[in-house]
Amino acid sequence: MLVAGELAGQIRRRERSAREVVTEALDRVAGGDAAIRAFVRVCADAALAEAEALDRRIAAGEDPGPLAGVPVALKDNLCTKGLETTCGSRILEGWRPPYDATVVERLRSAGAITIGKANMDEFAMGSSTENSAAGPTRNPHDLSRVPGGSSGGSAAAVAAGFVPVALGSDTGGSIRQPAALCGVVGVKPTYGLVSRYGLVAFASSLDQIGPLTASVGDAALVLEVIGGHDPADSTSIDAPVPRLSDAVEAGVEGLRVGVCLELIDGVARDVEARVREAAEALSGAGAKVEDVSIPELRYGLSAYYLIAPAEASSNLARYDGVRYGLRVDAPDAAAMNKATRTAGFGAEVKRRIMLGTYALSAGYYDAYYAQAQRARTLVTRAFDRAYAQVDVLLGATSPTTAFPLGAKVDDPLAMYLSDVCTIPSNLAGHPAMSVPFGTGDDGLPVGVQVLAPALGEKELFRVGGVLESLAPPIALPALGALGSVERT
Amino acid sequence: MTPAAHDSGAWEWVVGLEVHCELQTATKLFCGCRNRFGDEPNTNICPVCLGLPGSLPVLNRQAVELAMRIGAALHCSVRPSIFHRKNYFYPDMPKDYQISQYDEPINVGGFLELPDGSRVGIVRAHLEEDTGKTTHVGGGGRVGSSEYSLVDYNRAGVPLVEIVSEPDIRSAEQARLYVSELRGILVATGASDGRMEEGSMRVDANISVRRVGSEQFGTRCEIKNLNSLRSLGRALEYEARRQIELLEAGETVVQETRHWDEEANRTTAMRSKEEAFDYRYFPEPDLVPLDPDPAWQRAVAASLGPMPADRRARILEVLGGTEASAQRDQVGVVVNQALDDLVLTAVDHGAPGSLALARAANEAAANPEAARRLDPKAFAQLILFEASGKLSSTQSKEVLGELLVRGGGDPEAIARAKGFEALAADALAAVIDEVIKANPAEWDSYLGGNDKVAGALIGKVMAATKGQADGKVVAAELRRLRSSS
Ligand SMILES: [Zn+2]
């Protein structure tokens, strides 16, 4: 599989040109994405122009940075100047942001080249990438299955080998769960480590941007590039990003690892078995492994489904047809708002706006929103107690391997349960990583989740590096066959 | 008992005011766009104040400082505070929520002492962002019948401080006094230009009535669209009368928001309590808590200049402590128009204070911008001329008017040019005397009845006065001298 760090090294040493690398990536997308539909938009001309400019800079003796010439996919909720950004929604059809997200600027100044925008559940609400106005994305390992979501396009683009690096966003598991289902590495950083400026908001207090990559080392490299303080985001942490690339090779000797019982209870047997095997592998590598119980984590899902919709109901109010995106005309402004929102939003988005509006309403605020915030505090404190005992926690990322398309679309609660293991880290603002570790009984990838306390990225990458080196191999998707699959 | 008190019997007004004040910051509350009134529509805008997807607010330090200055001037305490989102749909609100402080505002618990000695409590003075401005085109400019609406987002995100009073106000006069005093304070802190007519200060009033002696509040109404001190007073008078009439007829007051219709001179219902918006306030997750460090708070409080009350006290002090109510009003005008220096300098030069005060509060204050540019020494000299009888009061006012129009000048020269005075006559007589002595032949000829030489004599006087003298006055003086010789 492609590794971004090596690729950038070859380009910086002029062993390969960026143009050649980007052309190959575009060819792979052209050949395989009709079946997978990881991308909602490919910007071939702009990417090639950027690659050529980069090659000229290298020829002139400049060093374009650690991601020189690396093709990347961006989740379509990251603002790209002049390039349509629609968040998988009809309501933003045709909207071209007049500015780049901070992470997009940082990727570019490190030499990375954006080749397209990746599909997603509408406004990042979903766990299967089926809630997209552009239609569903398919799992490269089995085209009848979902890639997970909401960053399903990003995960599928990496899993299919289109690009070595993609960015996603994670509000309740939207990077880690698709990473697990597609057999790639996905990291949700500590809240505030990566600037949210230019990330179209779903739930502001939970959203974080992070990498989906083919290797743990690449995830470290990308996080070093996109992380760090940004004055444009008031919630951005004012501290330098640690050297994560070194941590990947540092091993786990003496590290205290807790297998979190609540994060394997109730998950599929084969998934639980892979988590246990991962724990054994870490133990074999010198970590001290023990079981840990954090009963409060069970409040996470309910708290999340009040807080996230509440914030979303406010964040999504601006799509009113007045300034940009879709407008459905009507006799007056209020009727125009209503007609626009009725036509522009999908069912899941509407459901969450209503849930959130209700949770914030006069007379219900204390019982719902305020109570959910208390539960959130409870979860955070419970984590704090656990982290007095262990350095990192281990659990499942997703309760199951990739499920068939359509299996949960009519059962929102079943779909919401996909995030039960990932949500607690968002509530606490903690970092977590999903690392591929073998397959389930169905032969599909299983992700093991590593959790750490706030700013515990170094420990996360130490564990991730070891797990990656000891993981049973996963069969790569057969790319050659993809082109022949019928487009649906 | 005054007739008015008798008419309204035992009713008492209970009024609280909410004053929105636009802060004079260089940039907006959450972005770097210029905060400037009157620019071409939609030129001071960016992704943040347009609420574009993905944009995030960053709090303006200068706005926090000005809010703290206002708080300090109103004797409030600064508290750790947070921002909330106030959710409602409106086309001129780019995010369809307003970022505002709600139950944890920056300034709490102060008071404002009015010139009449009464004190109005201040509940809070909090920070929030302004909205854009909508213009309805066609259909008489009303939202319902207009063909389309235009929105200007230059004002969207402009910082506001909302100052909420306790319901301590009992009359229209006290309400006007409160707003006027508050305006003076806002200007003195440097936070605001205090211009109600340009909308940089906007007032909403909450009013209820109750029987004198009752401790319980009546049902209140909120009145919006009060754009001047005059409409504030008239709206309160109307609304109190309406509520009293309802109650005396055995009916009840409905809690609602009412709109002041300036032309019809009445308030009309906008929406009742049942129809009131549910704003679904919740803490703004895109901003962090605001907790200004104590050293900053102390520095801000220490940097406050004298407030209007201090300046009034100073003027009354140099006037000799006269407490006449007419004079207090004049002092108020002088302080509100920032003409303190005219009065203080005149007194310093030995002019009588009451005269300086009267000219400053009446003639100078009629053209306040010009008056603020006037050299206080010139003003002092003018007052001295008037006080010594060299200029009549009518002449003095005319010279002052000329000084204001010209934006300065020498009062003596202006008075001479106008041929005024005593003063002018004295000075002119001396010049004419010199001209006669220097031109004995012409003078003899003139005395002999030759009027033709008068022109030459006048011309020499004009030359000697560099054109300042009035030709007709000189001619009259020559005739007077001939007839008396
Ligand atoms: Zn702006």
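Quick caveat, the model's predicted, so the values are computed rather than measured.

### Some words on the overall build of chain B
- Helix and strand counts for chain B come out as 17 helices and 14 strands.
- Relative to its length of 485 residues, chain B is extended, with a C-alpha radius of gyration of 30 Å against a globular reference of 23 Å.
- On the principal axes, the C-alpha backbone points of chain B span a range of 100 × 60 × 55 Å.
- Residue burial in chain B is summarised as follows: out of 485 residues, 48% are buried.
- Roughly 22,300 Å² of accessible area belongs to chain B as shown, and the carbon and sulfur atoms make up 50% of that amount.
- Distance from the positive charge centre (54 side chains) to the negative charge centre (69 side chains) of chain B: 3 Å.

### Comments concerning the coordination of the zinc ion
Residues and elements named next belong to chain B.
- Bound to the zinc ion on the protein side are Cys31 (SG), Cys33 (SG), Cys46 (SG) and Cys49 (SG), at distances that span 2.3 to 2.4 Å.
- Each of the four donor atoms bound to the zinc ion contributes to angles spanning 99 to 116°, and the resulting shape is tetrahedral.
- Mapped onto the sequence, the donors of the zinc ion take the spacing C-x1-C-x12-C-x2-C. Placement of the pair is Cys33 in the loop between β1 (11–22) and α2 (61–73) and Cys46 in the loop between β1 and α2, with a sequence separation of 13 residues.
- In this structure Cys33 comes out as buried when scored by relative accessible area, which is 9%.

### A closer look at the pairing of strand β12 (residues 256–261) of chain B
All names here are of chain B.
- Direction of pairing for strand β11 (residues 221–226) relative to β12: parallel, over a ladder of four bridges. Looking at β12, one finds that Ile223 is bridged to Arg258.
- Once the chain exits β11 it traverses helix α4 (residues 229–248) before rejoining the sheet at β12, and the crossover so formed is left-handed.
- Pairing geometry for β12 and strand β13 (residues 266–272), over six bridges, is antiparallel. From the neighbouring strand, Glu256 faces β13, where its bridge partner is Ser272.
- Linking β12 to β13, which pair antiparallel, is a turn of four residues; within it Asn265 sits at a positive phi near 60°.

### Notes on the domain arrangement of chain A
All names here are of chain A.
- The domains assigned to chain A are domain 1 (4–298 + 376–482) and domain 2 (299–366).
- Look at where the C-alpha atoms of domain 1 and domain 2 centre, and you get two points 27 Å apart.
- Contacts between the two partners involve 33 residues from domain 1 and, on the opposite side, 26 residues from domain 2.
- For the pair domain 1 and domain 2, the summed buried surface comes to about 2,700 Å²; carbon and sulfur atoms form 67% of the total.
- When the buried area of domain 1 at its contact with domain 2 is split by residue, Ile91, Met125 and Tyr416 rank highest and sum to 28% of it.

### Structural notes on the packing of aromatic side chains
- In the structure shown here, the tally under the stated rule is 22 aromatic pairs over all chains.
- Between Phe383(A) and Tyr387(A), the aromatic rings sit 5.9 Å apart at their centres with planes inclined by 15°, giving stacked as the arrangement. Of the two residues, Phe383(A) and Tyr387(A) are both situated in helix α13 (residues 366–387); the distance of four residues between them amounts to about one turn of the helix. Each member of the pair, Phe383(A) as well as Tyr387(A), carries the same accessibility label: buried.
- Site record: aromatic cluster; members linked through ring pairs are Trp95(A), Phe123(A), Tyr319(A), Tyr324(A) and Phe345(A).
- Its end group placed over the ring of Tyr446(B), Arg482(B) keeps NZ or CZ at 4.1 Å from the ring centre.

### Concerning the pattern of salt bridges
- Within the structure shown, the criterion is met by 57 salt bridges over all chains.
- Between Glu296(A) and Arg385(A) there is a salt bridge; the shortest N-O distance is 2.9 Å. With a gap of 89 residues between them, Glu296(A) in the loop between β8 (288–292) and α10 (300–315) and Arg385(A) in helix α13 connect regions that are remote in the sequence.
- Note that Arg230(B) and Glu262(B) form a salt bridge whose closest N and O atoms lie 3.5 Å from each other. In this pair, Arg230(B) sits in helix α4 while Glu262(B) sits in the loop between β12 and β13, placing the two residues 32 residues apart along the sequence.
- On the basis of relative accessible area, Arg230(B) is assigned to the exposed category, the value being 52%.
- A residue is classified by how much of its surface remains accessible, and Glu262(B), at 31% relative accessible area, is partly exposed.

How each quantity is defined
- Residues numbered from 1 in each chain as written.
- Chains lettered and ligands numbered in written order.
- Predicted model: local features only at pLDDT ≥ 70, side-chain atom pairs only at ≥ 80, totals over all residues.
- Heavy atoms only, no water.
- Helix = DSSP H or I, 4+ residues; strand = E, 2+ residues; numbered from the N terminus.
- Rg over C-alpha atoms; globule rule 2.2 N^0.38 Å.
- Buried < 20%, exposed > 50% of the residue type's maximum accessible area, 1.4 Å probe, protein only.
- Areas by Shrake-Rupley, 256 points an atom, 1.4 Å probe, with all protein chains shown as cover.
- Lys, Arg positive; Asp, Glu negative; His and termini not counted.
- Charge placed at Lys NZ, Arg CZ, Asp CG, Glu CD.
- Donors = N, O, S within 2.8 Å, 3.2 Å for Na, K, Ca; no water.
- Tetrahedral: all angles 85-135°; square planar, octahedral: opposite > 155°, others 65-115°.
- Pairing = 2+ DSSP bridges.
- Right-handed = clockwise from strand over helix to strand, strands pointing away.
- Domains from an automatic or database assignment.
- Contact = heavy atoms within 4.5 Å.
- Buried area = accessible area lost by both parts, 1.4 Å probe.
- Phe/Tyr/Trp six-rings, centres within 6.5 Å; stacked < 30°, edge-to-face > 60°.
- Lys NZ or Arg CZ within 6 Å of the ring centre and 35° of its normal.
- Salt bridge = Lys/Arg side-chain N within 4 Å of Asp/Glu carboxyl O.

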